[in-house]
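Given next are the chains, with one letter for each unit.
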Amino acid sequence: MTDIPYDSEQVEKRAQHFWQVDGTFSAVEDLEREKFYCLCMFPYPSGQLHMGHVRNYTIGDVVSRYQRMQGKNVLQPMGWDAFGLPAEGAAIKHGMPPAKWTRENIDYMRGQLKRLGFGYDWNREFATCDPDYYRWEQWLFTRMLDKGLAYKKKAVVNWDPVDETVLANEQVIDGCGWRSGAPVERREIPQWFLRITDYAEELLAELDDLDWPEPVKIMQRNWIGRSEGVEVEFDIEDSDQALRIYTTRPDTLMGVSYMAVAAEHPLAMRAAEIDSELRAFIEECQRNAVSEAAMETMEKQGRSLGINAVHPITGETVPVWVANFVLIGYGTGAVMAVPGHDQRDWEFAREYGLPIKQVIEPAPGDTHACDIGSAAFVEYGVLVNSGKYTGLTFKKAFDAIASDLEAVGKGERQVNYRLRDWLISRQRYWGAPIPVITTGDDEPFGAPDETLPIVLPEDVDLGGGGSPIKQMPSFYETTDPVTGESATRETDTFDTFMESSWYYARFCSPDNDQAMLDERAGYWLPVDLYIGGIEHAILHLLYARFFHKIMRDEGLVDSPEPFKKLLTQGMVLKDGAKMSKSKGNTVDPQQLIDRYGADTVRLFIMFASPPEQSLEWSDDGVQGASRFLRRFWRLVQDYAQGEQPAALNPDEFDDSQRNLRRLVHTTIEKVSDDIGRRYTFNTAIAAIMELMNSVAKFKVENAQGRAVVGEAVDCAVLMLAPIVPHVCHELWSVLGHETAVTDERWPNVDKSALLADTMQIIVQVNGKLRARIEVATGVGNEVVEQVALADDNVQRFIADQPVRKVIVVPGKLVNVVV
RNA sequence: GCCCAGGUGGCGGAAUUGGUAGACGCGCUGGCUUCAGGUGCCAGUGGGGGCAACCCCGUGGAGGUUCAAGUCCUCUCCUGGGCACCA
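Residues numbered from 1 in each chain as written. Chains lettered and ligands numbered in written order. Predicted model: local features only at pLDDT ≥ 70, side-chain atom pairs only at ≥ 80, totals over all residues. Heavy atoms only, no water.

Here we look at the overall build of chain A
Using the following cut-off: Helix numbering and strand numbering both begin at the N terminus, where a helix is a DSSP run of H or I of at least 4 residues and a strand a DSSP run of E of at least 2. Buried, partly exposed and exposed residues are distinguished by accessible area as a fraction of the type maximum, computed with a 1.4 Å probe on protein chains only: under 20%, between the cut-offs, and over 50%, respectively. The criterion used for residue contact is that any of the two residues' heavy atoms lie within 4.5 Å. Per-residue accessibility takes into account occlusion by the displayed protein chains alone, with areas from the Shrake-Rupley method and a 1.4 Å probe. Positive charges come from Lys and Arg alone, negative charges from Asp and Glu alone, with His and the N- and C-terminal ends not counted. For this purpose, a charge sits on NZ of Lys, CZ of Arg, CG of Asp or CD of Glu.
Of the regular secondary structure elements, chain A holds 26 helices and 32 strands. Within chain A, buried positions represent 52% of all 818 residues. Taking all contacts inside chain A whose residues are at least 6 apart in sequence as the whole, residues at least 24 apart take part in 71%. When the accessible area of chain A is evaluated, it comes to approximately 36,900 Å², of which 48% is carbon and sulfur surface. Charge centroids of chain A, computed over 84 positive and 124 negative side chains, lie 4 Å from each other.

A few points about the sheet that holds strand S21 (residues 477-479)
To keep it simple, the criterion reads: Any two strands with at least two DSSP bridges between them are considered paired.
Read across the open sheet, the four strands follow the order S20-S19-S22-S21; overall the sheet is antiparallel. Two strands in the sheet have a free side with no partner beyond their single neighbour: strand S20 (445-446) and S21. Strand direction decides the pairing type here: strand S19 (residues 436-438) and S20, joined by two bridges, are antiparallel. Residue pairing in the sheet places isoleucine 437 in a bridge with phenylalanine 445 of S20.

Digging into the pattern of salt bridges
Test applied: What counts as a salt bridge is simple: a side-chain nitrogen of Lys or Arg found within 4 Å of a carboxyl oxygen of Asp or Glu.
This structure, assessed with the given rule, holds 52 salt bridges. The partner of arginine 124 in a salt bridge is aspartate 121, and the shortest N-O contact between them spans 2.9 Å. With respect to class, arginine 124 is no different from aspartate 121; both count as buried. Close ionic contact of glutamate 554 with lysine 147 constitutes a salt bridge, the shortest N to O distance being 3.0 Å. Taken as a pair, glutamate 554 in the loop between helix H16 (539-553) and strand S25 (563-569) and lysine 147 in the loop between helix H5 (131-146) and strand S3 (150-160) lie far apart in primary sequence, 407 residues in all. Three or more residues are tied together by salt bridges with common partners; here these are Glu202, Glu206, Arg545, Lys549, Arg552, Asp553 and Glu561.

Concerning the sheet that holds strand S31 (residues 805-809)
Our working definition: Orientation is described by lines fitted to C-alpha atoms, with helices fitted over the stretch in contact, and by angles between N-to-C directions that extend from 0 to 180 degrees.
If you trace the four strands from one edge of the open sheet to the other, you get S30-S29-S32-S31, paired in mixed fashion. Edge positions in the sheet fall to strand S30 (768-776) and S31, since each has one partner strand and no second. Neighbour-to-neighbour, the strand axes of this sheet turn through a mean angle of 20°, independent of strand direction. Bridge count for S31 against strand S32 (residues 813-817) is five bridges, and the pairing is antiparallel. In the sheet register, valine 809 faces S32, and the bridge partner there is leucine 813.

Quick look at the protein's contact with RNA strand B
Threshold: In these notes, residues near a molecule or strand are those with any non-hydrogen atom within 4 Å of it. Polar contact is the term for a pair of N or O atoms within 3.5 Å; when the atoms are in protein, one must be able to donate a hydrogen and the other to accept it, and sequence-neighboring residues count only if both atoms are side-chain atoms.
Taken together, 77 residues are adjacent to RNA strand B, and Asn169, Arg428, Arg595, Lys670 and Asn815 come closest. Considering the 4 Å shell around the protein, atoms of RNA strand B inside it are sugar or phosphate in 63% of instances. Contacts to RNA strand B include leucine 85, whose backbone N or O atom sits 3.0 Å from a phosphate oxygen. In the model, a base nitrogen of RNA strand B is placed 3.0 Å from a nitrogen or oxygen of the glutamine 191 side chain. Of all the elements, helix H19 (residues 619-640) adds the most residues to the surface near RNA strand B, at seven residues.

Description of helix H4 (residues 98-115)
Stated precisely, the cut-off is as follows: Helix span, expected: 1.5 Å multiplied by one less than the number of residues in the helix. Each direction from the helix axis to a C-beta atom contributes to the arc, which is the arc of those directions.
Spanning 18 residues, H4 covers 26 Å between terminal C-alpha atoms, matching the ideal 26 Å at 1.5 Å per step. Looking only at H4, the buried set comprises Pro98, Ala99, Trp101, Thr102, Asn105, Ile106, Met109, Gln112 and Leu113. One side of H4 holds all its buried residues, which, seen down the axis, span an arc of 150°. Check the buried side of H4 and you find it contacts helix H2 (51-69), helix H3 (85-94) and helix H17 (589-596). Residue glycine 117 follows H4 closely and has a positive phi angle near 80°.

As structure tokens, then:
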């Protein structure tokens, strides 16, 4: 028995020192070698790593080290998503500028990442609050401005009337400001947008080719929400105004019984001028939260505007209402209501006593219930009560009605998207300044390249509430670079999603001060594997895809998409709930690292569940991981104390040696598949544990026995190296190897070792397990069937019943049906 | 409300293509070793029955398809994620 104790702290120190001195993880472009760019979503520097980070970055490190052992040229960088709201809150709380707070957090968290032994190329590190970084974002924005891809229009914000500041949705709690407690108001202010909708079709189409989880692609498709419909114009009675609406169900046009417009719609505003009760209702609507979830769940309310719209086909009039569930920022801010065939319209009509008309009935053979008296019938069907359209099916009715509307100039076919343009203005301090200048009443224009970056002043005091640069003439006062006349800088900053939309590309060329990207991006991009939380499935990933296409159109990258493969990890839970300070169920990774070492933490977090599922934290489980590593250490040390093993000679094997060697190679096969293809690290670890259990039980009785164990131990160290790299670094040299384990190749499967003489077959009678039989490998189905039928227990269950059928699945099972 | 996941022993999870439910680990029980300590080793461990061989039941719930269903279909309940200014 070895008496060398497993001292994780010393082992980890030695390995990390070696990697640093050796420059193991510095990535160098090499056109001769196949590259692998592995990227994890970078962290917001909130102060310390949490378990979600540890999980995310361990997954990325395991894949990176595995791909390196496959011979790939691996790039694994790390940086900081450093702008954002929490820094402003912390600044007010601690009386410290956000920049200082952020950079101190980064220094601490970098130390934590290093302590965990992640193989990052630290030479490429940057933070998004570095002017050298956001400079190029500002530059790209001015290109977009030139191309008309960036534009300004009014948009609604949450306004805190007491603090006189714009609030994030997160800062609105039950409709009130988080600090002031005052009811929040909707306010419209001019803001910057990016025309992501110009790319809607491409963003939708290219999803098909991505190797991403299907649920994420489905969510993005739904988010983009392509629909084919008709834009219809309703005249307003006794007026030269018109009301435009978009519908995907023109087949129900003959069932329209009222129209509904948003509170901010011009028709509603006009009507409110002469109707105080209506005005009160509209004001009430403007106190509603703006989020879609709030819109959809609140009680549906409305008021009649006292005006009528004229049906474009029948000429009949229908009343126009204002409704709290219609949003001005979405579509035309107005909808046609068909209560017979839309559930929300139905409920609204019921509430306010509006007529409900059936114009669709179920198609022949359709079994959906249809009773307009108790609910809307929302399926496609056959038209009824629809004049000349009666009897048509959906598609035919769509075409006929659309054509008729087009013929009279009252409508046109249109493809619509649910996706809206990206609002990138934030009325906050801690973000990248929007590089725009305004002179007098002229249109704003982009800051000239040579004036970039527009640097955010960092030595500020946030005590005054609101963004300090809005009160800082030294920041916003400037001159027109051409005319020299006095001008004003934009004081809004970019949405922080802007920075996270292109950082993956900048890691390729982090030190270039002449250009945003260079030819190195051509080598590394696209990212081969991108790993991060499922909560980013829509927004971040859609914005990054959009940015990539913008950069492609600017000639900066040549691929269509940024992330070839995506792995979305689940959350880390404790007692069934997300870890959070308010619930008091957090587990500090640092304490665990201090107590057990990085390898134990890495092993447990990879073993506890597969990456896509949520992970239930367990302190006892960490103990188990620690125990395994100690056993593993002892087993390898014990083996290494013996003499050099003989060469493997399969002809000399006895049965137990042959069995152990078969297990070694079936394990290599399984672990390679689990890590390389399935990303199920938990089952890979389980398989290696099984192998080690068998090695521990195995009795070495001769030279070939020792040789087989030697191969098993070597392979186990190699296969565990990506997961617990420190202990494997040390054990690899203990085993007498001169090279570093990080420079070794992944073990190969010896196919000849996999062959077995016999196989086990399951025998069922009527689908229930009744016997297990052992047959020689390769015997025919007839023989297997005979042996199965001859089994005593099988005979007992067949009894005197006639055998109706026998199903034989080769190599697996026999099912006897009686 | 809408979109997307998930629900399997006391616990985390496994079962990859419809073919042995519960691998591996934790916990627990019994035993051995030990200067009983967050040590090591051995055996057992889904529920019920049986001395045993074995048998019956069992994957949130209700139906269905199939020789065979954790896996496929329909409905339903519960939990989690997202919903455009948290990141």
